[in-house]
Amino acid sequence: MASRSTAATKQALLPPSAVAFIKRRLIELTGGALAAATVIFGLALLSFDPADPSFNTAAGGETANLMGYAGAVIADLALQSFGLASLLLMVTTLAWSWRIATRHRLPMPWLRLGLLPLCLLAAATAFATLPAPAAWPLAAGLGGAAGFMVFAQALAWLAPVGGTAIHIAILATVLTLATLVPVIGMSLAEWRGFGHGLSGLMALPFHLLERVRGWRGEAKIERDRSGQEISGRIRSEEHTSELQSRHNPVCRPLPEKKKKPPPTCPHVPVHPHRPSP
């Protein structure tokens, strides 16, 4: 009986509409937190410096990574393991956060999480088939250590039957796309919405920069106007001081005072004198 009364009290305190509202806000907060974590991860990858202290590098001094020591460690682990395929992880989590925040759900989460490592490994293998440029800071190549190992093993298996790096790249790319579609799991309309949102997010810094430039331009115009007025006054005073001398005084005409009209008396009608009788 006590449990029933407690349940009734809870239902009275939190109506179904309030529970649904709180649930939606918590789901949206989860999507926002995942998006924020994705942005932090992306900044750590973009500001990666191989000279930063990490598990693979024993270095002292300040960390050049924008996210500090933790960002340097995470970026080093991601790039050392999967190389450029780590960017695919960033795109995937960003798509998940957008769907959670807008659709309030992520269908089949365990299937997506299970296929995500396979998708990253296939993408890393595809990147490992490409030659690394001279500026690439990691010795494992563009696909990281995981992509390099899978590529080397696949090449050893396919070499007897005439397999080359191009065949491995094609197979890895097909497998990446085949697993990426169910991992992200968005329809064509959702992809369009996600693309519009992502393009707006990427264009936001440029819009802010244009506004800042506009404000600076307006402030510069105001400063130029005030500077011209001040310089004009200074030149006028300097010109007058140059002409002014002891033998050649320059007199400035004083402004004429307005003459006030003379006061007039009010008109009093004059009656003719009448003789007394």
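Conventions and cut-offs
Residues numbered from 1 in each chain as written. Predicted model: local features only at pLDDT ≥ 70, side-chain atom pairs only at ≥ 80, totals over all residues. Heavy atoms only, no water. Core = buried A, V, L, I, M, F, W, Y, C linked by side-chain atoms within 4.5 Å. Buried < 20%, exposed > 50% of the residue type's maximum accessible area, 1.4 Å probe, protein only. Helix = DSSP H or I, 4+ residues; strand = E, 2+ residues; numbered from the N terminus. Axes fitted to C-alpha atoms, helices over the stretch in contact; angles between N-to-C directions. Parallel < 35°, antiparallel > 145°, perpendicular 65-115°, else oblique. Left-handed = near helix turned anticlockwise from the far one by under 90°. Contact = heavy atoms within 4.5 Å. Nonpolar A, V, L, I, M, F, W, Y, C, P; charged D, E, K, R; others polar. Expected span 1.5 Å × (residues − 1). 1 Å grid on protein atoms, 1.4 Å probe; cavity = no way out; pocket = protein on both sides within 12 Å on 5 of 7 lines; lining within 4 Å. Points joined across faces, edges and corners; volume = space filled by probe spheres on them. pLDDT = per-residue confidence, 0-100. Salt bridge = Lys/Arg side-chain N within 4 Å of Asp/Glu carboxyl O. Polar contact = N/O pair within 3.5 Å; in protein donor to acceptor, adjacent residues only side chain to side chain. Patch = residues over 30% accessible without salt bridge, like charges linked within 9 Å, V, L, I, M, F, W, Y side chains within 5 Å. Areas by Shrake-Rupley, 256 points an atom, 1.4 Å probe, with all protein chains shown as cover.

Colleague: Sorry if this is basic, but what is going on with the nonpolar core here?
Modeller: Ranked by internal contacts, the top residues of the largest apolar core, which has 14 residues, are Leu88, Leu116, Leu180, Ile184 and Met186. Listed by contribution, the elements that provide at least two residues to this core are helix 4 (86-103), helix 5 (109-128) and helix 7 (165-184). Per element, the largest residue contribution to this core is 5 residues, and it comes from helix 5. Ala44, Leu45, Ala78 and Trp136 belong to the second-largest nonpolar core, a separate cluster that totals 10 residues.

Colleague: Can you walk me through the packing of helix 4 against helix 5 in this structure?
Modeller: Helices that pack against each other are described as a pair by the angle of their axes relative to one another and the distance between those axes. One way to put it is that helix 4 packs onto helix 5 with a least axis distance of 10 Å and a crossing angle of 150 degrees. Taken as axis vectors, helix 4 and helix 5 run roughly antiparallel relative to one another. Seen from above, helix 4 lies across helix 5 with right-handed handedness. Mapping the contact onto sequence places Leu88, Leu89, Thr92, Trp96 and Arg99 in helix 4 and Arg112, Leu113, Leu116, Cys119, Leu120 and Ala123 in helix 5. Of the residues assigned to the contact of helix 4 with helix 5, the class counts are 8 nonpolar, 1 polar and 2 charged.

Colleague: Explain helix 6 (residues 144-158) to me, please; I cannot follow it from the model alone.
Modeller: Because an α-helix completes one turn every 3.6 residues, residues spaced three or four positions apart along the sequence face the same direction. Here helix 6 is 15 residues long and its end C-alpha atoms lie 21 Å apart, about the 21 Å a rise of 1.5 Å per residue gives. Of the surrounding elements, those touching the buried residues of helix 6 are helix 3 (68-82), helix 5 and helix 7.

Colleague: Is there a simple way to think about the layout of surface pockets in this case?
Modeller: To find leftover empty space, a probe the size of one water molecule is rolled over the atoms. Its volume calculated, the second largest pocket comes out at about 180 Å³. If you go around the second largest pocket, the residues you meet are Leu118, Leu121, Ala122, Thr125, Val150, Ala154, Leu158, Ile168, Leu171, Ala172 and Leu175. Mapped onto the lining of the second largest pocket, the elements with two or more residues apiece are helix 5, helix 6 and helix 7. Looking at the lining of the second largest pocket residue by residue, the classes come out as 10 nonpolar, 1 polar and no charged.

Colleague: Sorry, what's going on with the confidence of the model for the protein here?
Modeller: The predicted coordinates should not be examined in detail at positions where pLDDT is low. Confidence in the prediction of the protein, expressed as mean pLDDT, is 77, and 67% of residues score 70 or more. No element of the protein has a lower mean pLDDT than helix 1 (residues 2-13), at 54, and none a higher one than helix 5, at 92.

Colleague: Explanation requested: the pattern of salt bridges in the structure shown.
Modeller: Side chains that differ in sign of charge can pair as their charged atoms come close. A full pass over the atoms with the stated rule returns 1 salt bridge. For Arg25, the salt bridge is made with Glu28, and the minimal N-O distance between the two is 2.9 Å. Linking Arg25 with Glu28, this pair stays in helix 2 (residues 16-46), spanning 3 residues, or about one helical turn. By relative accessible area, which is 28% here, Glu28 ends up partly exposed.

Colleague: Could you clarify how one ought to interpret helix 2 in this entry?
Modeller: In this model, helix 2 (31 residues) spans 45 Å end to end at C-alpha, consistent with the 45 Å of a helix rising 1.5 Å per residue. Along helix 2, the residues that are buried comprise Gly31, Thr38, Phe41, Gly42, Ala44 and Leu45. Buried residues along helix 2 sit in contact with helix 3 and helix 4.

Colleague: Is there a simple way to explain the packing of helix 3 against helix 6 in this structure?
Modeller: Two elements in contact, helix 3 and helix 6, have axes whose closest approach is 2 Å; the angle formed by their N-to-C orientations is 10 degrees. The angle between the axes of helix 3 and helix 6 places the two elements in the roughly parallel class. Counted together, Leu79, Gln80, Ser81 and Phe82 of helix 3 and Gly144, Ala145, Ala146 and Gly147 of helix 6 form the full contact between these two elements.

Colleague: Teacher, can you tell me more about the environment of Asp52 here?
Modeller: Within the secondary structure, Asp52 is located in the loop between helix 2 and helix 3. Between the C-alpha atom of Asp52 and that of Asp76, which follows or precedes it by 24 residues, the distance is 9.0 Å. In this structure the side chain of Asp52 is engaged in a polar contact, spanning 2.9 Å, whose partner is the backbone nitrogen of Ala64.

Colleague: I would appreciate a short explanation of a nonpolar patch on the surface in the present structure.
Modeller: Nonpolar side chains collect at one region of the surface, where Leu13, Leu14, Val19, Phe21, Ile22, Leu26 and Leu29 lie side by side and expose about 710 Å² of accessible area between them. A total of 5 residues in the nonpolar patch trace back to one element, the largest contributor, which is helix 2. Relative to the elements of secondary structure, Leu29 occurs in helix 2. Overall, the relative accessible area of 59% leaves Leu29 in the exposed class.

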